Amino acid sequence: MRRSEILIEAVLWDFGGVFTTSPFEAFGRFEAERGLPTDFIRTVNSTNPHDNAWARFESSEIDVDEFDTAFRVEAEALGHSVAGKDVLALLSGQFRPRMARALVECKRHFKVGCITNNMKNAQAPASGSGMPLAAAGTERTAQVAEVMAQFDVIVESSVEGVRKPNPAIYRIACDRLGVTPDRAVFLDDLGINLKPARAMGMITIKVVTQDQALGELAQATGLTFPS
């Protein structure tokens, strides 16, 4: 859908898997090294997805030590022992400078916000598919801070006590930006997080690759994003 067909007022972004490469790549390497089934970590996270350890951690219902234990219990129930803290250590992806430049360009024309599932006080480089809580190294810390400073609104699951894909978190972001969902674009790397946003009227973009996502964002906004 092109900008000429609908008036866009805001662009909303996830963080992890959007401004950084997907943590699923690190999950795959970890699984191969440990002899685990392919996509085992994602299977744990998708089992009982609204009430499992991951969901409760991102909603600040449990702390990092409780998550460590709870995730291990859930993993063992599926046949393999994996500590939650080991998974948290895999969450930091490579930074995508071009996506950060696209955010700056969008901010020149639209309101911009971040909707992130994250974890309070997690001792790990990043949180879920969402915003990093502690970056590894000075350069990474500066990169993350520069991106986060661009947003007019940041909505965090660990603060709000509600997480994607609950429609409430999208309404919070739109309300704080003063826009209706049908005037917003939302980028996320997980289809499950895009489905409710799309049902609310947002233009949604699943970030598979940087080029693909920015191409779709250009089409939706009418902007140009050089390489």
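Data block above holds the structure.
So, here is what we can say about the structure in this document. Predicted, not measured: the structure shown is a model, and the values here were computed from it.

**Details of the environment of arginine 140**
Along the chain, arginine 140 turns up in helix 7 (residues 138-150). Linking arginine 140 and threonine 204, residues 64 residues apart in sequence, is a C-alpha distance of 28 Å.

**Considerations on the sheet that holds strand 1 (residues 10-13)**
Strand order in the open sheet formed by five strands is 3-2-1-4-5, with parallel pairing between adjacent strands. The open sheet is flanked by strand 3 (153-156) and strand 5 (203-206), the only strands paired with a single partner. The average angle at which neighbouring strand axes cross in this sheet is 20 degrees, direction not considered. The pairing of strand 1 with strand 4 (residues 184-188) spans four bridges and is classified as parallel. Note on strand 4: the bridge partner recorded for valine 11 is valine 185. Helix 6 (residues 97-107) contacts strand 1 and strand 2 (111-116) of the sheet and is inclined by roughly 155 degrees relative to strand 1.

**Let's talk about helix 6**
All of the buried residues in helix 6 are Arg98, Met99, Ala100, Ala102, Leu103 and Cys106. Taken together, the buried residues of helix 6 touch strand 1, strand 2, helix 7 and helix 11 (210-221).

**Looking at helix 1 (residues 24-34)**
Working note: α-helix, 3.6 residues per turn, so residues spaced by three or four point in the same direction. Three or more residues of helix 1 are buried, namely Ala26, Phe27, Phe30 and Glu31. The arc that holds the buried residues of helix 1, viewed along the axis, is 135 degrees, so those residues lie on one side. Exposed residues lying more than 90 degrees from the buried face of helix 1 are Arg29, Ala32 and Glu33. Check the buried side of helix 1 and you find it contacts helix 2 (40-46) and helix 5 (84-88). Downstream of helix 1 by a residue or two, glycine 35 has a phi angle that is positive, lying close to 70 degrees.

**Thoughts on the pattern of salt bridges**
Between side chains of opposite charge, a pair can form when the charged atoms approach closely. As enumerated under the stated definition, the model contains 10 salt bridges in all. Here aspartate 152 and lysine 107 are joined by a salt bridge, their closest N and O atoms 3.0 Å apart. Within this pair, whereas aspartate 152 is found in the loop between helix 7 and strand 3, its partner lysine 107 is found in helix 6, the two being separated by 45 residues in sequence. For aspartate 152, a relative accessible area of 42% corresponds to the partly exposed category. Note on lysine 107: relative accessible area 32%, which makes it partly exposed. Residues participating in the shared-partner salt-bridge network are Asp14, Lys164 and Asp188.

**Side note on the state of the cysteines**
Each disulfide consists of a covalent bond between the sulfur atoms of two cysteine residues. Applying the stated criterion to the full structure yields zero disulfides. There is no disulfide at cysteine 174, and the cysteine sulfur nearest it, in cysteine 114, is 13 Å away.

**Remarks on the nonpolar core**
Counting 31 residues, the largest nonpolar core has Trp13, Phe19, Cys106, Val147, Phe151, Val185 and Leu217 as its most contacted members. Contributions of two or more residues to this core are made by strand 1, helix 6, strand 2, helix 7, strand 4, strand 5 and helix 11. Of the residues forming this core, the biggest block, five residues, is contributed by helix 6. Core analysis: the second largest hydrophobic core is formed by 22 residues, Ala53, Trp54, Phe57 and Leu90 among them.

**Overview of the packing of aromatic side chains**
Evaluation of the coordinates by the stated rule reveals eight aromatic pairs. Where phenylalanine 19 meets phenylalanine 151, the ring centres are 6.1 Å apart and the plane angle is 75 degrees; that geometry is what we call edge-to-face. Taken as a pair, phenylalanine 19 in the loop between strand 1 and helix 1 and phenylalanine 151 in the loop between helix 7 and strand 3 lie far apart in primary sequence, 132 residues in all. No difference in accessibility class separates phenylalanine 19 from phenylalanine 151, as the two residues are buried. Look at tyrosine 170 and phenylalanine 186: their rings are 5.7 Å apart centre to centre, the planes differ by 75 degrees, and that puts the pair in the edge-to-face class. Of this pair, tyrosine 170 sits in helix 9 (residues 167-177) while phenylalanine 186 sits in strand 4; the two residues are 16 residues apart in sequence, bridging distant segments of the chain. Residues tyrosine 170 and phenylalanine 186 agree in their burial class; the two are buried. Members of the aromatic cluster, joined through ring pairs, are Trp13, Phe15, Phe19 and Phe151. The cationic tip of arginine 42 hangs over the ring face of phenylalanine 24; the distance from NZ or CZ to the ring centre is 3.8 Å.

So, how was this worked out
Residues numbered from 1 in each chain as written. Predicted model: local features only at pLDDT ≥ 70, side-chain atom pairs only at ≥ 80, totals over all residues. Heavy atoms only, no water. Helix = DSSP H or I, 4+ residues; strand = E, 2+ residues; numbered from the N terminus. Pairing = 2+ DSSP bridges. Axes fitted to C-alpha atoms, helices over the stretch in contact; angles between N-to-C directions. Contact = heavy atoms within 4.5 Å. Buried < 20%, exposed > 50% of the residue type's maximum accessible area, 1.4 Å probe, protein only. Arc of directions from axis to C-beta. Salt bridge = Lys/Arg side-chain N within 4 Å of Asp/Glu carboxyl O. Disulfide = S-S within 2.5 Å. Core = buried A, V, L, I, M, F, W, Y, C linked by side-chain atoms within 4.5 Å. Phe/Tyr/Trp six-rings, centres within 6.5 Å; stacked < 30°, edge-to-face > 60°. Lys NZ or Arg CZ within 6 Å of the ring centre and 35° of its normal.

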